[in-house]
Amino acid sequence: MNEEEFQLQVEQFLHRHGLTATTFGLWAMNDSRFVFDLRNGRTCYGRTLRRVRQFMMDYEAKQDAKRLRMAGQGG
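Residues numbered from 1 in each chain as written. Predicted model: local features only at pLDDT ≥ 70, side-chain atom pairs only at ≥ 80, totals over all residues. Heavy atoms only, no water.

### Re the packing of helix H2 (residues 21–29) against helix H4 (residues 46–72)
The interhelical angle for the contact between H2 and H4, taken along N-to-C directions, is 105°, at an axis separation of 9 Å. With respect to H4, the element H2 is oriented roughly perpendicular. For the pair formed by H2 and H4, the contact residues are Phe24, Trp27, Ala28 and Met29 on the first element and Thr48, Arg51, Val52, Phe55, Met56 and Tyr59 on the second. For the contact of H2 with H4, the class distribution of residues is eight nonpolar, one polar and one charged. (Axes fitted to C-alpha atoms, helices over the stretch in contact; angles between N-to-C directions. Helix = DSSP H or I, 4+ residues; strand = E, 2+ residues; numbered from the N terminus. Parallel < 35°, antiparallel > 145°, perpendicular 65-115°, else oblique. Contact = heavy atoms within 4.5 Å. Nonpolar A, V, L, I, M, F, W, Y, C, P; charged D, E, K, R; others polar.)

### Section: the packing of aromatic side chains
Per the stated rule, a full pass over the model turns up six aromatic pairs. Considering the side-chain rings of Phe24 and Phe55, the 5.4 Å spacing of their centres and the 80° angle between planes classify their relative orientation as edge-to-face. Here Phe24 is found in helix H2, whereas its partner Phe55 is found in helix H4, with 31 residues between them in sequence. As far as the burial class goes, Phe24 and Phe55 line up, both buried. The interplanar angle of 35° and the centroid separation of 5.9 Å between the aromatic rings of Phe55 and Tyr59 together place this pair among those described as tilted. Residue Phe55 and its partner Tyr59 are located together in helix H4, separated by four residues, close to a single helical turn. Phe55 sits in the buried class, given a relative accessible area of 15%. Here the aromatic cluster, defined as three or more aromatic residues joined through ring pairs, consists of Phe13, Phe24, Trp27, Phe55 and Tyr59. (Phe/Tyr/Trp six-rings, centres within 6.5 Å; stacked < 30°, edge-to-face > 60°. Buried < 20%, exposed > 50% of the residue type's maximum accessible area, 1.4 Å probe, protein only.)

Below is the structure:
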């Protein structure tokens, strides 16, 4: 995966979940500027890529579990 594809994944994630760039950066990397830096050409390597991808997978799994719980409660 190249840098453009990674940035696109992050941008799509933000849009899909309605998160701000600042919130995502804080939650994923403890860095409020992370997404802004990506947009300005920041290069990410193995460990950072894995950390961000893992955050996105975990977040989506939690959201899926939350939806299932709500559906089970009739809401």
